[in-house]
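What follows is the residue order along each chain.
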Amino acid sequence: MSETPRRTQVAIIGGGPAGLLLALILNRAGVDCVVLERRSREYVLSRIRAGVLEQGTTDLLRLAGVGARMDREGLIHDGFDIAWRGEVLHIDLRELSGGKTVMVYGQTEVTHDLYDALDAAGVPVIHEAEDATPEAIESDTPSVSFRTRSGGEQRIECDFIAGCDGYHGVCRQTIPKDRIETFEREYPFGWLGVLVRKPPIQEELVYAHHARGFALCSLRSPQLSRYYIQCRNGDDVKNWTDEAFFDELQTRLPDSIAANLQRGPSIEKSIAPLRSFVAEPMRYGRLFLAGDAAHIVPPTGAKGLNLAVSDIHYLSRGLVAHYQERDSGLLDRYSEDALARVWKAERFSWWFTSMIHRFEDDGGFGQRIQEAEFDFLASSRAAQTALAENYVGLPF
Ligand code: APR
Ligand code: PHB
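### Section: the overall build of the protein
So, point 1. Scanning the protein from N- to C-terminus turns up 14 helices and 20 strands.
So, point 2. Here the C-alpha atoms of the protein give a radius of gyration of 21 Å, agreeing with the 21 Å that 2.2 N^0.38 yields for 396 residues.
So, point 3. If one aligns the C-alpha atoms of the protein with their principal axes, the spans along those axes are about 60 × 40 × 40 Å.
So, point 4. Across the 396 residues of the protein, 57% fall into the buried class.
So, point 5. Long-range contacts, defined as pairs at least 24 residues apart, comprise 71% of the intrachain contacts of the protein with a sequence gap of at least 6.
So, point 6. Distance from the positive charge centre (44 side chains) to the negative charge centre (57 side chains) of the protein: 1 Å.

As structure tokens, then:
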């Protein structure tokens, strides 16, 4: 384990996709950085997360030199299906978006590839860094204090701090309450997800609306499937045997699709809440927020990881220009540029979530609006084009 440096140019708090990708891009550009991650590497790599990458994401990963395994093992998807009232509407992403597609490749694999690349580049990633605390973020000489079992209390002086520590992290909380504004919408349901080592129900994803609730059929590989069903807020995984889960999933799918369901023992089963959340601005003094530290989207549109990547696109280009060209113009625009794209992804994720889930409290009017939303989508190429453009990812 390399000695923790006393000083660096950019201290990155959080070793998830946002923090790791930022560290790799900065390292490639000759900018000194250190990653402080609260958890062990094993813990970080044990997390099961979404797996649909926009073209902008795959392009940036390749540019950062971590696209090789993704291109070998990832699956290009040209479209997906929406199931409604027993009907199946195919959304042809490639045709509707003018040739763009998405890549199915698990976030865990992206994180794995990023860690491997950082190790190979010798970038210090300090795991089990406890109580990382941004300090003097309003000054020109910020620092981060933290503690490790082996090194005790430590402090790293730096020029900038990147808060990539996720929704429950410390960095956003460091910004004075009167200098940050948050926007939030909670949804009255969660997603119960199951991972099963069986071939997927079909090659492309299926997003299903049903009177009993939403269902999603996804995958990680031709041998590993990922399924979700909408569940009550406060529901407990213990209430769901594998059999009960697959029975409910089967009920919510059209017979033509459900007929191909291959059941098996779940190797992971968990419930995630759904929320929309944005913090503005994404910068305070020398502290920059990126990824889930600054915003959360409901997983319906598969935007979480992709938004973290686009934040890093904006933040890394600003930091590199600051150090290489002594030009801080892009860095000063970071929050404005990142938020412009964040809010468009928040809108899309909210719209898709609102259309396809069952809202018990919306009554007859809400359900008729959902029906009309789907009927318009099914009958309008313009509506399908708008859906496709958002799903494959709006330009950076
Ligand atoms: N100090 C150091 N590390 C911390 C702290 C802290 N105080 N608090 C949290 N962390 C770490 C977490 O352990 C996690 O590994 O920060 C990392 C944040 O990673 P993510 O939560 O994955 O967030 P991000 O990198 O922005 O990626 C967003 O990840 O959670 C998914 O759905 C989300 O797909 C989206 C993507
Ligand atoms: C997933 O595979 O976990 C996944 C896919 C698409 C989504 C959400 C999650 O919209």
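Picking up where we left off.
### Quick word on the site of ligand 2
So, point 1. Among the 14 residues in the neighbourhood of ligand 2, the closest are listed as Y207, S218, R220, Y228 and T300.
So, point 2. Residue Y207 places a side-chain N or O atom 2.8 Å away from an oxygen atom belonging to ligand 2.
So, point 3. With the chains in place, 99% of the 280 Å² that ligand 2 exposes on its own is no longer accessible.
So, point 4. The set of elements that each furnish at least two residues to the shell around ligand 2 consists of strand 15 (215–221) and strand 16 (224–232).
So, point 5. It is strand 15 that provides the largest number of residues to the shell around ligand 2, a total of three residues.

### Thoughts on the domain arrangement of the protein
For an interface, size is often stated in terms of accessible area lost upon the parts coming together.
So, point 1. The assigned domain composition of the protein is domain 1 (6–77 + 102–183 + 275–351) and domain 2 (187–274 + 360–392).
So, point 2. One C-alpha centre belongs to domain 1, the other to domain 2; they are set 29 Å apart.
So, point 3. Contacts between the two partners involve 24 residues from domain 1 and, on the opposite side, 20 residues from domain 2.
So, point 4. Taking both sides of the interface into account, the surface hidden between domain 1 and domain 2 amounts to around 1,900 Å²; carbon and sulfur atoms contribute 65%.

### Observations regarding the state of the cysteines
So, point 1. As enumerated under the stated definition, the model contains zero disulfides in all.
So, point 2. Cysteine C158 is unpaired, with the sulfur of C171 as its nearest cysteine sulfur at 11 Å.
So, point 3. Overall, C158 belongs to the buried group, its relative accessible area being 1%.
So, point 4. Distance from the sulfur of C164, which forms no disulfide, to the nearest cysteine sulfur (C171) is 7.8 Å.
So, point 5. Here C164 falls in the buried class, since its relative accessible area comes to 7%.

### Considering the packing of helix 13 (residues 363–379) against helix 14 (residues 381–392)
If you want to describe how two helices pack, look at the angle between their axes and the distance between the axes.
So, point 1. Taken N-terminus to C-terminus, the directions of helix 13 and helix 14 make an angle of 100°; their axes are 5 Å apart at the nearest point. As summarised for this structure, helix 13 and helix 14 are arranged roughly perpendicular, according to the angle between their axes. For the pair helix 13 and helix 14, the contacting residues are F376, L377, A378 and S379 in the first and R381, A383, Q384 and L387 in the second.
So, point 2. Split by residue class, the contact of helix 13 with helix 14 holds five nonpolar, two polar and one charged.

The rules behind the values
- Residues numbered from 1 in each chain as written.
- Chains lettered and ligands numbered in written order.
- Predicted model: local features only at pLDDT ≥ 70, side-chain atom pairs only at ≥ 80, totals over all residues.
- Heavy atoms only, no water.
- Helix = DSSP H or I, 4+ residues; strand = E, 2+ residues; numbered from the N terminus.
- Rg over C-alpha atoms; globule rule 2.2 N^0.38 Å.
- Buried < 20%, exposed > 50% of the residue type's maximum accessible area, 1.4 Å probe, protein only.
- Contact = heavy atoms within 4.5 Å.
- Lys, Arg positive; Asp, Glu negative; His and termini not counted.
- Charge placed at Lys NZ, Arg CZ, Asp CG, Glu CD.
- Near = heavy atom within 4 Å.
- Polar contact = N/O pair within 3.5 Å; in protein donor to acceptor, adjacent residues only side chain to side chain.
- Areas by Shrake-Rupley, 256 points an atom, 1.4 Å probe, with all protein chains shown as cover.
- Domains from an automatic or database assignment.
- Buried area = accessible area lost by both parts, 1.4 Å probe.
- Disulfide = S-S within 2.5 Å.
- Axes fitted to C-alpha atoms, helices over the stretch in contact; angles between N-to-C directions.
- Parallel < 35°, antiparallel > 145°, perpendicular 65-115°, else oblique.
- Nonpolar A, V, L, I, M, F, W, Y, C, P; charged D, E, K, R; others polar.

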